[in-house]
Amino acid sequence: MKNLILISLIFLSSIVSYSQSVGISIDGSVPDPSAMLDVKSTTKGLLIPRMSSAERTGILNPAVGLLVYDDETASFWYYKAAGWSELVTGAGGGSWNTNGADIYNNNAGNVGIGVNAPLAPFHIKKDNEAFRIQGATPYISFYDNAGAYKGFIQNFNNNLLFGTPASNPNSKLEFYNGNIKNLSLDGFGTMDLSGSNPFLSLNSNGTRSGYLYGTGTTMEIAAYKGAKASAGNLILQVNETGISQSGQPATLYAGNVGIGTRTPVEKLTVQTSNNSYGISHRSVEGNILATLIGGTSAGIGTFSNTNMRIFANGVSAIFIGSGTNNVGIGKEYPTYKLEVNGTIRSKEVIVESNGWPDYVFDEKYKLSSIDEVEKYIEQNKHLPNIPSAKEIEEKGLHLGDTQKKIMEKIEEMTLYIIEANKKIQQLEKIIRQRK
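Residues numbered from 1 in each chain as written. Predicted model: local features only at pLDDT ≥ 70, side-chain atom pairs only at ≥ 80, totals over all residues. Heavy atoms only, no water.

Novice: Please clarify how the nonpolar core should be interpreted in this entry.
Specialist: If you look at soluble globular proteins, the nonpolar side chains tend to sit buried side by side. Met51, Val68, Trp77, Tyr79 and Trp84 form the largest nonpolar core, which has 5 residues in total. Excluding residues within four positions of it along the chain, Tyr79 makes contact with Pro62, Ala63, Val64, Gly65, Leu66 and Trp84. (Core = buried A, V, L, I, M, F, W, Y, C linked by side-chain atoms within 4.5 Å. Buried < 20%, exposed > 50% of the residue type's maximum accessible area, 1.4 Å probe, protein only. Contact = heavy atoms within 4.5 Å.)

Novice: Looking at this structure, how should I read unusual backbone geometry?
Specialist: Apart from glycine, the bulk of residues carry a negative phi angle, and the bulk of peptide bonds sit in the trans form. Look at Asn157: it is not a glycine, yet its phi comes out positive at around 50°. With respect to the secondary-structure elements, Asn157 resides in the loop between β13 (149–156) and β14 (159–163). The exposure class of Asn157 is exposed, given its relative accessible area of 55%. Positive phi values are uncommon outside glycine, yet Asn385 reaches one of about 65°. Relative to the assigned elements, Asn385 resides in the loop between α3 (370–380) and α4 (389–395). Given the relative accessible area of 41%, Asn385 is considered partly exposed. (Helix = DSSP H or I, 4+ residues; strand = E, 2+ residues; numbered from the N terminus.)

Novice: Is there a simple way to explain the packing of aromatic side chains in this structure?
Specialist: Aromatic ring pairs are defined here through the distance separating the ring centres and the angle between the ring planes. Summed over all chains, the structure comprises 8 aromatic pairs. Look at Phe199 and Tyr211: their rings are 4.9 Å apart centre to centre, the planes differ by 20°, and that puts the pair in the stacked class. Taken together, the residues Phe199 in strand β18 (residues 199–204) and Tyr211 in strand β19 (residues 207–215) connect sequence positions 12 residues apart. Classification of Tyr211 as buried rests on a relative accessible area of 12%. For the ring pair Tyr359 and Tyr365, a centre distance of 5.9 Å and an interplane angle of 50° mean the geometry is tilted. (Phe/Tyr/Trp six-rings, centres within 6.5 Å; stacked < 30°, edge-to-face > 60°.)

Okay, structure coming up:
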């Protein structure tokens, strides 16, 4: 009993009270006036009540602000109106732990900044800039649960990069809108634009230049389809040389364009099955226009800078001479406006003539006698003023001129018949008189 009284006196001697402030110290220093209890020591600390989690949660009617140490969680807990909350005490204490120079948190809940009810493991609520990464080439990397590197977002040389590493070659970049994948890019450079009506619009300083549009199995490539007066042009170009000061390609030529073929042979080659259609526009030193349909099957084209050919089965079916504008059907380099190497069938042919042989019926026309005609035929083997068979074979039959000469002979024959008829009538009259 005497020992207990002695200990109590010693303890009370270390407690000093100054105007509502209580201080506990060995040297009897004055307590801070702003504190109800000021404990000072250089060799000992303050021990908070220690208990298990069940004991902590079993405290009846805990006061708001009540502080205890939970042996099971190895952390401090304090009570507030909403219940018990774990007190984060920094690295190495509470829910924060150290691993060398690193710290980590095993908190099973969410962390909120600017929001008291975070809805994600890390939830920031801020009207303006909410998250910043700063550095020469800062980036965010993404790994799977196995630690495999999958992708990154990085600022590099004033560019914002989205990508996947070389260790993930089969990856794709995919862009979603309304939970629908609209665009994907793979490591081979394949871009897939998806949607109910995928549409790629190209605009030059706010003015639509053209677009790519897909619907079903149909794809449309078009320049701007506005008012008729403002409709743009669609130019297909294989490559270009340089860029002019206006920002446009300095040269608009080189290579060929193929539709349905990877090996176009003309400026525009369209191929379907085994039939090939080609269009080319060449310099004045070569072909001006060349179109091949089915290779050597059929086509329209030129093989020089002066003439045009239309082909059928590899043969020049129609030939038009550029200098003369003469047309040959089955014949090249015609010397007449139209030359046909073959048979012509028509319901009607109209031939213009510079004159018609009605002059035969003129009184001044000198009609050869029958004897003269007979003698001419015996010597020349053809009618007078009519080309011979040899001449027609060599020079051809001039339809208009020949028709005119044939009519001349018909009219002369008519005069011979009239003259013969008059003589017959005279003979019949003489015979009747003799009877």
